[in-house]
Amino acid sequence: MIKIFIIALLINNIVIMRYLALCSYVGMTSDVGQSVGMGFAVTFVTVLATAATWPLYHFILVPLHLEFLKILVFILVIAALVQLVEYYLKKNVPGLYAAMGIYLPLITTNCAILAVTFENISNNYSFITSIVYAVGVSAGYLLAMVLLAGVRIRIRNSTVPKFLQGTPILFVATSLIAVAFMGFSGLIK
Amino acid sequence: MKRLWTLFKQGIIYENPLLMLMIGLCSALAVTTNVSNGIGMGLAMTFVLLCSEIIISLFRKVIPSSIRIPIFIIVIAAFTTIIDYVMQAFFPELSKSMGVFIPLIVVNCIIMGRVEAFAYKKGIVDCVADSLGMGLGYTWVLVAIAAVRELLGNGTFAGLQVMPDSFQPILFFTLSPGGFLVFALFISFNIWLKGRMNKTQARRDVAKEDAA
Amino acid sequence: MMKQYLRLGLILAAFAVAACVGLAFVYAATSDQIAANQDKQLNESLKGLFPDAEGFKDVTADMTALAGESKLETAYVATRSGAVLGLAIKAHGPSYGGPATVLVGMGTDRRIVGVRILAISDTPGLGLNASNPGYYVKKAEKVTFTGQFASKLITDGFVVKQDVDAITASTITSKAITAIVKASVDSGESWIERNALGGN
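Note that the structure is a prediction, hence the values are computed from the model and not measured. (Residues numbered from 1 in each chain as written. Chains lettered and ligands numbered in written order. Predicted model: local features only at pLDDT ≥ 70, side-chain atom pairs only at ≥ 80, totals over all residues.)

### Side note on the overall build of chain A
1) Next: Within chain A one finds eight helices and zero strands.
2) Next: For chain A, the N- to C-terminal ordering of α and β elements is α-α-α-α-α-α-α-α.
3) Next: Taken against the 2.2 N^0.38 rule, which gives 16 Å for 189 residues, the C-alpha radius of gyration of chain A at 18 Å falls within 12% of a compact globule.
4) Next: Seen along its three principal axes, the alpha-carbon backbone of chain A occupies a region of about 60 × 45 × 25 Å.
5) Next: Buried residues in chain A amount to 46% of all 189 residues.
6) Next: Here the contacts in chain A between residues at least 6 apart in sequence split such that 80% fall between residues at least 24 apart. (Helix = DSSP H or I, 4+ residues; strand = E, 2+ residues; numbered from the N terminus. Rg over C-alpha atoms; globule rule 2.2 N^0.38 Å. Buried ≥ 20, exposed ≤ 12 C-beta atoms within 10 Å, placed from the backbone. Contact = placed C-beta atoms within 7 Å.)

Quick look at the structure:
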């Protein structure tokens, strides 16, 4: 199980190695604090979503032979969870709510969360393993966000060639981060 | 008819979802390791976009604004499931090679974005033109990126050996870092293209003013 | 106020029901084809391993559980004119990017007949080369990763990089597949012994 966590966090990092959750990756990394906030929000929603969708699939959809409703049910559950989180933040942590602005509802369309819920099913994980996997993937997401936020600070203070200014340099930076991450594959024997 | 053609062209070039609007990026990088996946993904996404826009446009007068998002999700999820099962049945190899990315079409920002901004407000015929334009715009960029990555990373194009035997494939391009790099260059090229188009447009505007 | 919520709820429910009904139709229409696709792949692989076999009997219930993290899916006995040719074991186990499903064929002479990869989701160009018919671990003799298991005695060593050639830069995948193969043949061997087949 530790293996699954390490693989999700580093070796097969959801953003750097699997290209998921890129919209928020590019959009919310201009500030390290924002990245951390987003990372934790995604972690929270992912774990909750796993805890909700896994039993839903195995105890309701499968016995009733309704597996084909998986996509529909899972995305609706995630959308509902995000609404709940939004409501809770608005009431109890208005500062964070205001800071996150438009990106909070965008967590619904975060490919990473939905991908995790699907993979818990297709990889036949047990409930505990699914939770571990969800935490691992979200931790990987948080890591990638913070890394890029840090790199962006450096980019702001350097001279970037004209043709790479704006988004291209971010992807070039990510490409280099990816090369570094590929070195992690030696971690698991 | 001219209006429809303009709408269609918007999606392909001027408002290309991937290059200009920069949405729907996730799947774009993951499935472009080879051209077959790129075409498959592009067409699957176009199918979901087209059907979703048609249905929502059809029922737009009936859908209350307050619950429109959940209804959009239901419609898009339904069509994503349909294309997923159709592909599993009739294109099993392609379906397996794309894995989790077909179901992920449901969270493709392009579809949600277009449905909200366009299908909810316009008539069916306009929606068909818009969705086909956006869908094909998405597809051609996918195929272009995939072509570069497959040719350089594997020496093949859609599985057919193109590069001579002496060509040593540069694995880098099929892997994550290569994907990001190729994408960065595509965006960069596109920003330049946009700049040129704006300059031409400005020149045309000035010429019109002079003529007037 | 209540009436308004009721109306909203009903519209939402109507869409949801329409979607579910539509999906049920599509599912009913495609599920047979999907099942047939899976059967086709299995049958082709079984035939590929045992071309002389006339029939395949399911003996999954007779098999012992696999060691380690591999899980047995199904096992078939390949027969010809009543004689047992060998055993085909379909198992899955964890690999780099998700589970991999492998079909291992072994003969009653305790040699592996062949290994087929039925499902794998590793990185193209690296781990995915396990199922790539054009990728050779021994370039001179044109031996693929799964091809190297053919004619291998099941009592031989299965240590990657020692007895088994790994895929370049894909040690995790190589070890994962090898582990599934090893677990499968161990279970297969115990079946052969229990059914008093094989000379030694």
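### Observations regarding the overall build of chain B
1) Next: Helix and strand counts for chain B come out as eight helices and two strands.
2) Next: Along its sequence from the N terminus, chain B presents helices and strands in the succession α-α-α-α-α-α-α-β-β-α.
3) Next: The dimensions of chain B, computed from C-alpha atoms along their principal axes, are 60 × 55 × 25 Å.
4) Next: Counting over 212 residues, chain B shows a buried share of 46%.
5) Next: A sequence separation of at least 24 residues applies to 75% of the contacts in chain B between residues at least 6 apart.

### Section: helix α6 (residues 111-122) of chain A
1) Next: Here α6 of chain A contains 12 residues, and its C-alpha end-to-end distance of 16 Å stays within 8% of the 16 Å for a straight helix at 1.5 Å per residue.
2) Next: In terms of residue burial, α6 of chain A counts as a mostly covered element, since nine of its 12 residues are buried.
3) Next: Buried residues in α6 of chain A make contact with α3 (32-61), α4 (70-92) and α7 (127-156) of chain A together with α2 (25-30) of chain B.
4) Next: Phi turns positive one or two residues past the end of α6 of chain A, at asparagine 124 of chain A, with a value near 55 degrees. (Expected span 1.5 Å × (residues − 1).)

### Digging into the interface of chain A and chain B
1) Next: Counting from both sides, the interface comprises 31 residues of chain A and, opposite them, 33 residues of chain B.
2) Next: Only α2 (22-27), α4, α6 and α8 (167-182) of chain A provide two or more residues apiece to the side of chain A that touches chain B.
3) Next: Of all the elements, α8 of chain A adds the most residues to the side of chain A that touches chain B, at eight residues.
4) Next: Residue composition of the side of chain A that touches chain B, grouped by class: 24 nonpolar, five polar and two charged. (Nonpolar A, V, L, I, M, F, W, Y, C, P; charged D, E, K, R; others polar.)

### Re the packing of helix α7 (residues 124-154) of chain B against helix α8 (residues 176-211) of chain B
All names here are of chain B.
1) Next: Closest axis-to-axis distance for the α7/α8 pair is 10 Å, and the angle between their directions is 135 degrees. When the axis of α7 is compared with that of α8, the two are oblique. Here α7 runs over α8; the crossing is right-handed. Between α7, through Ile145, Val148, Arg149 and Gly153, and α8, the contact on the second element is made entirely by Gly178, Gly179, Val182, Phe183 and Phe186.
2) Next: Its residues assigned to classes, the contact of α7 with α8 comprises five nonpolar, three polar and one charged. (Axes fitted to C-alpha atoms, helices over the stretch in contact; angles between N-to-C directions. Parallel < 35°, antiparallel > 145°, perpendicular 65-115°, else oblique. Left-handed = near helix turned anticlockwise from the far one by under 90°.)

### Examining the pairing of strand β5 (residues 112-119) of chain C
Residues in a regular strand point their side chains to alternate faces of the sheet.
Residue and element names in this part refer to chain C.
1) Next: Within β5, six of the eight residues are buried, which leaves the element mostly enclosed by the surrounding structure.
2) Next: Pairing between strand β4 (residues 99-107) and β5: six bridges, direction antiparallel. Note on β5: the bridge partner recorded for leucine 103 is arginine 116.
3) Next: Counted between consecutive antiparallel strands, the loop separating β4 from β5 contains four residues, among which arginine 110 sits at a positive phi close to 65 degrees. (Pairing = 2+ DSSP bridges.)

### Overview of the interface of chain C and chain A
1) Next: Each partner contributes to the interface: chain C provides eight residues, whereas chain A provides nine residues.
2) Next: Top element by residues in the side of chain C that touches chain A is helix α1 (residues 2-49) of chain C. It accounts for four residues.
3) Next: Taken together, the residues of the side of chain C that touches chain A break down into six nonpolar, two polar and no charged.

### Topic: the sheet that holds β5 of chain C
Residues and elements named next belong to chain C.
1) Next: A sheet is described by the order of its strands in space; here five strands give the open sequence β1-β2-β3-β4-β5, paired in antiparallel fashion. The sheet is open, and its two edges are formed by β1 (55-58) and β5, each paired on a single side. In this sheet, neighbouring strand axes are inclined to one another by 25 degrees on average, regardless of whether the strands run parallel or antiparallel.
2) Next: Here nine bridges tie strand β3 (residues 83-94) to β4, and the two strands are oriented antiparallel to one another. Looking at β4, one finds that isoleucine 89 is bridged to valine 104.

### Focus on the nonpolar core
Most often, soluble globular proteins have nonpolar side chains that are buried together.
1) Next: Formed by 116 residues in total, the largest nonpolar core has its most connected members in Ala21, Ile75, Ala112 and Tyr141 of chain A together with Ile76 of chain B.
2) Next: The contacts of alanine 21 of chain A, once residues within four sequence positions are left out, are Ile14, Val15, Asn110, Cys111, Ala112 and Tyr141 of chain A together with Cys26 of chain B. (Core = buried A, V, L, I, M, F, W, Y, C linked by C-beta atoms within 7 Å.)

### A look at the environment of alanine 211 of chain B
All names here are of chain B.
1) Next: Checked against the element boundaries, alanine 211 lands in helix α8.
2) Next: Since 6 C-beta atoms lie within 10 Å of it, alanine 211 is described here as exposed.
3) Next: On a C-alpha basis, the gap between alanine 211 and glycine 153 in space is 52 Å, while along the polypeptide they are 58 residues apart.

### What to know about the packing of helix α1 (residues 2-11) of chain A against α7 of chain A
Each packed pair of helices is defined by two parameters, the angle between the axes and the distance between the axes.
Residues and elements named next belong to chain A.
1) Next: Interaxial distance between α1 and α7 falls to 7 Å at its minimum, and their mutual angle equals 25 degrees. What the angle tells us is that α1 and α7 run roughly parallel. α7 is crossed by α1, and the crossing has right-handed handedness. Mapping the contact onto sequence places Ile4, Phe5, Ala8 and Leu9 in α1 and Thr129, Val132, Tyr133, Gly136, Val137, Ala139, Gly140 and Leu143 in α7.

### Notes on unusual backbone geometry
Excluding glycine, a negative phi dihedral is what most residues carry, and trans is how most peptide bonds are arranged.
Residues and elements named next belong to chain A.
1) Next: We note that tyrosine 19 has phi near 60 degrees; this positive angle belongs to a residue other than glycine.
2) Next: On the secondary structure map, tyrosine 19 appears in the loop between α1 and α2.
3) Next: Notably, alanine 21 is not glycine yet its phi reads approximately 60 degrees, a positive angle.
4) Next: For alanine 21, the location among the structural elements is in the loop between α1 and α2.

### Brief notes about the confidence of the model for chain B
1) Next: Confidence in the prediction for chain B averages 84 pLDDT; 98% of positions are at 70 or higher.
2) Next: Across the interfaces of the predicted complex, the ipTM metric reaches 0.81, alongside a pTM of 0.83. (pLDDT = per-residue confidence, 0-100.)

### Brief notes about the pairing of strand β2 (residues 71-80) of chain C
All names here are of chain C.
1) Next: As judged from the four bridges shared by β1 and β2, these two strands associate in the antiparallel manner. Counterpart to glycine 55 in the pairing with β2 is threonine 79.
2) Next: With nine bridges connecting them, β2 and β3 associate as antiparallel partners. Note that in β3 the partner of alanine 78 across the bridge is glycine 86.

### Things to note about the confidence of the model for chain A
1) Next: Within chain A, residue pLDDT values average 85, and 99% of them lie at 70 or more.
2) Next: Here helix α5 (residues 94-100) of chain A is the element of chain A with the lowest mean pLDDT, 77, and α7 of chain A is the one with the highest, 91.

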